[in-house]
Every structure is written in structure tokens, then in C-alpha cells.
Amino acid sequence: MKILVTGGTGYIGSHTCIQMIEAGITPIILDNLYNSKELVLDRIKAVTGSKPEFYEGDIRDSHILEKIFAEHDIEGVIHFAGFKAVGESVAKPLMYYDNNVSGTLNLVQAMDKAGVKQLVFSSSATVYGDPDSVPIRENFPTSATNPYGRSKLMVEECLTDFKKANSEWSITLLRYFNPVGAHKSGMLGEDPQGIPNNLLPFVAQVAVGRREKLGVFGNDYPTPDGTGVRDYIHVVDLADGHIAAVNKVGKKSGLHIFNLGTGQGQSVLEMVAAFEKASNKPVPYEVMARRAGDIAECWADPSHAEEVLGWKAKHTLDEMVEDTWRWQSMNPNGYEG
């Protein structure tokens, strides 16, 4: 089975390609390398023995999509290609709507033209906005507090309307919580360009000496230690969730929505302490003002994914931080060194 993976050289995409290859699925990668590097393909080959076929291009380019669908018998698409930094989305909202929303619509039009009717979309727990309670279930109300979240929610709404008009399609919306960790080999991990937007890459860069200290945004939330609580999920578990979606509901028409998380929350300071233990390095931090749009607590009820997909997160918090540290210590400057 051949699956087109958009954004396949990125953090989640590359780990998913590894898990796909090991599960006997052939990934065909399309990526414009905006936030990733082509040498990731060599790392995938080093781990799996197989180098995925790669097209450098953009999901907004109809010609390259037509070329890929013409040259391969593609059975479905896993769609990761999207911008994902909240702060950047606030500064450049039109860029986010153009890439994330217009890009997805262009992709779906190309799929429809080629007769490919199976899509797994990389969505986000940000579509739940500031939930009234936790854990969060798939039937909770949706909203968004920033252009990044709105772009994900807009795509979900567009795909929902498209599915109503095209009953034979299978569209799966996977709402991630907080992906962390790295491949156990230490050869692949998260390599953010510029200042990391997510907690664990920043912590790792402090521990390895690339950054002086961590900024902790707010310690006065109504949580046990005052810092924000999130559901952190190992990127390999997340990758396996996509394969479960392809295998279990990919050929079943309908709109399928799943939370992918562990069902447990960890605070910022708990993550810092766990990382200090794993790395045996200090992680100095400074408490700063809360960031606009941040919420106190956010974790998943992942029981629907377990019931329907037979999927459940397996990696522990210790494994998440140990794998992150192995990647960062082996690659102190990311894929560049």
C-alpha cells in the first residue's frame, strides 16, 4: 500500500514514515522543506533500510500533486504539511490561512480528481480552545484562540462539509495533544528552526548548552505547582496512531475523529524535573508573565481511539525525556551537527 505523506520530512512526519515502513506501508513524501531538511531521508534509510521516494514541492502546487498521483498508485494521504507556531501565526495570520487552509483545499481537490478518497488529517487539541473541564472528549465544543488554532478548525470544518457532500470518502481528524520524544536510535528528533516554540525542545537545548535558561510562562495557574499542565505524547505513539487510522478506518467511509494523547497531564515543572533526571544536567529557568491564549490544563480522554482503532499510547514520561535527551545529546545542533 502506497500512502502520500505531506510534510513527511518534518518531526511527526518522519517518525510516521519510519513506523509505516516497519508496518509494510510505502510512504511517498511531499515536502517543501520550509521547516525540515532533506537529509532526514538518509536518517530514515539508516533506521529502516529503505529510503522513501521524495518530491520537493508545495501542497499549493496542483501540478506536483497531479504528477505524484499520476506516477503512483496512491491509496490514501496522511496530511502533515502545515505551519504550527502559535506566535508566528499571530504575527503572520494570512500566511497560516494560505498554507494550512488553502493548501489543504488544494490537496483535497487534487485527491478528488485522482480518485483518492482516504485522508488522515493532522489536527490539534487547540481546536478545543479553553475547555470547561478535563479530560477532553471528542464531542466537546470547538473554538480557537489564535490563527494557528483557527486554521486547524477551519480545515476541520471544510473537511466536514466536504464529507457530507461526498459520502464515499473516509476522512479522519486526529487531534494531537503535545508531541515529544524522538526515535530510540537517536537519529531522528525534533529540530525546530530558530527559537523553539514547544517546551521540551527548549528544555533540551538548555540542557545541551545551546540556550542559557528556560522561560516558564506563568506560575500562578490553578494547578498543583502553578504551571500549565499538558498531555505529552511520545512521537512514536503518535505515529502509530496514524497507521492505526489508515488500517482501521481508512477504507470505511465516514468522518472519524480521535484524540491522540495519554490521558494524563504533566506540569511544566514536572517536565523540567524529569528532564534533569534523564540528562543529569541542570535546567535553569525563569518565571515570566503568562502568554496570551495559554490555558491552565489540557489533557485527553483517549478512550475512543483505543475502542475503535485499538490504539493506546505506550511510552512513559521517562521514555519521552530519555529519548529526547538521546537525540539532543547525539545531535547538539540538530540535523546540522
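All of the points below concern the structure found in this document. Model, not experiment: these values are computed from the prediction.

Description of the sheet that holds strand β12 (residues 266–267)
Argument step 1. Taken in spatial order, the three strands make up an open sheet running β12-β9-β14, and their pairing is mixed. The outermost strands of the open sheet, each flanked by one partner alone, are β12 and β14 (297–298).
Argument step 2. One ladder, built from two bridges, connects strand β9 (residues 229–230) with β14; its direction is parallel. Bridge pairing in β14 places V229 opposite E297.

Points about the environment of E297
Argument step 1. Among the secondary structure elements, E297 is positioned in strand β14.
Argument step 2. It is 24 Å that separates the C-alpha atoms of E297 and K277, two residues lying 20 residues apart in sequence.
Argument step 3. The contact partners of E297, leaving out residues within four places of it in the chain, are P131, V134, T223, V229 and R230.

Concerning the pattern of salt bridges
Argument step 1. Under the defined criterion, the tally for this structure stands at 15 salt bridges.
Argument step 2. One salt bridge connects E336 with K37, and the closest N-O pair in it is separated by 4.0 Å. A residue pair is termed long-range when its members are at least 10 positions apart, and E336 in the segment after α11 (317–330) and K37 in the loop between β2 (26–31) and α2 (40–48) qualify at 299 residues.
Argument step 3. Among the residues examined, E336 registers a relative accessible area of 57% and is labelled exposed.
Argument step 4. For E190, the salt bridge goes to K84, with nearest N and O atoms at 3.8 Å. Taken together, the residues span a long stretch of sequence, with E190 in the loop between β7 (178–180) and α7 (199–207) and K84 in the loop between β4 (74–79) and α4 (86–91) at a distance of 106 residues.
Argument step 5. One connected set of salt bridges, linked through shared partners, spans K37, D191 and E336.

Digging into the nonpolar core
Argument step 1. Among the nonpolar cores identified, the biggest contains 38 residues, and I44 and L260 are the most heavily contacted of them.
Argument step 2. Secondary-structure elements contributing two or more residues to this core are β1 (2–6), α1 (11–22), α2, β6 (170–176), α8 (235–249), β11 (254–260) and α10 (303–309).
Argument step 3. When residues of this core are assigned to their parent elements, the largest contribution, eight residues, is made by α8.
Argument step 4. Two domains each provide a minimum of three residues to this core, namely domain 1 (2–181 + 231–261) and domain 2 (183–229 + 264–306 + 316–330).
Argument step 5. Excluding residues that lie within four positions of it along the chain, L260 makes contacts with L174, R175, Y176, F177, I233, L238, G241, H242, A305 and W311.
Argument step 6. Counting residues in each nonpolar core, the second largest holds 25 residues, with I68, V108, L159 and L173 among its members.

Examining the pairing of strand β5 (residues 118–124)
Argument step 1. For β5, the tally of buried residues reaches seven of seven residues, placing the bulk of the element in the interior.
Argument step 2. Of the two faces of β5, the one carrying Q118, V120, S122 and S124 and the one carrying L119, F121 and S123 are both buried.
Argument step 3. As defined by bridge partners, β4 adjoins β5 across three bridges and the pair is classed as parallel. Residue H79 lies in a different strand from β5, and its bridge partner there is F121.
Argument step 4. Relative to β6, β5 runs parallel, the two being bridged by seven bridges. By the bridge assignment for β6, S123 is matched with R175.
Argument step 5. Chirality of the crossover, the property in question, places the unit of β5, helix α6 (residues 147–165) and β6 among those that are right-handed.

Calculation criteria
Residues numbered from 1 in each chain as written. Predicted model: local features only at pLDDT ≥ 70, side-chain atom pairs only at ≥ 80, totals over all residues. Heavy atoms only, no water. Pairing = 2+ DSSP bridges. Helix = DSSP H or I, 4+ residues; strand = E, 2+ residues; numbered from the N terminus. Contact = heavy atoms within 4.5 Å. Salt bridge = Lys/Arg side-chain N within 4 Å of Asp/Glu carboxyl O. Buried < 20%, exposed > 50% of the residue type's maximum accessible area, 1.4 Å probe, protein only. Core = buried A, V, L, I, M, F, W, Y, C linked by side-chain atoms within 4.5 Å. Domains from an automatic or database assignment. Right-handed = clockwise from strand over helix to strand, strands pointing away.

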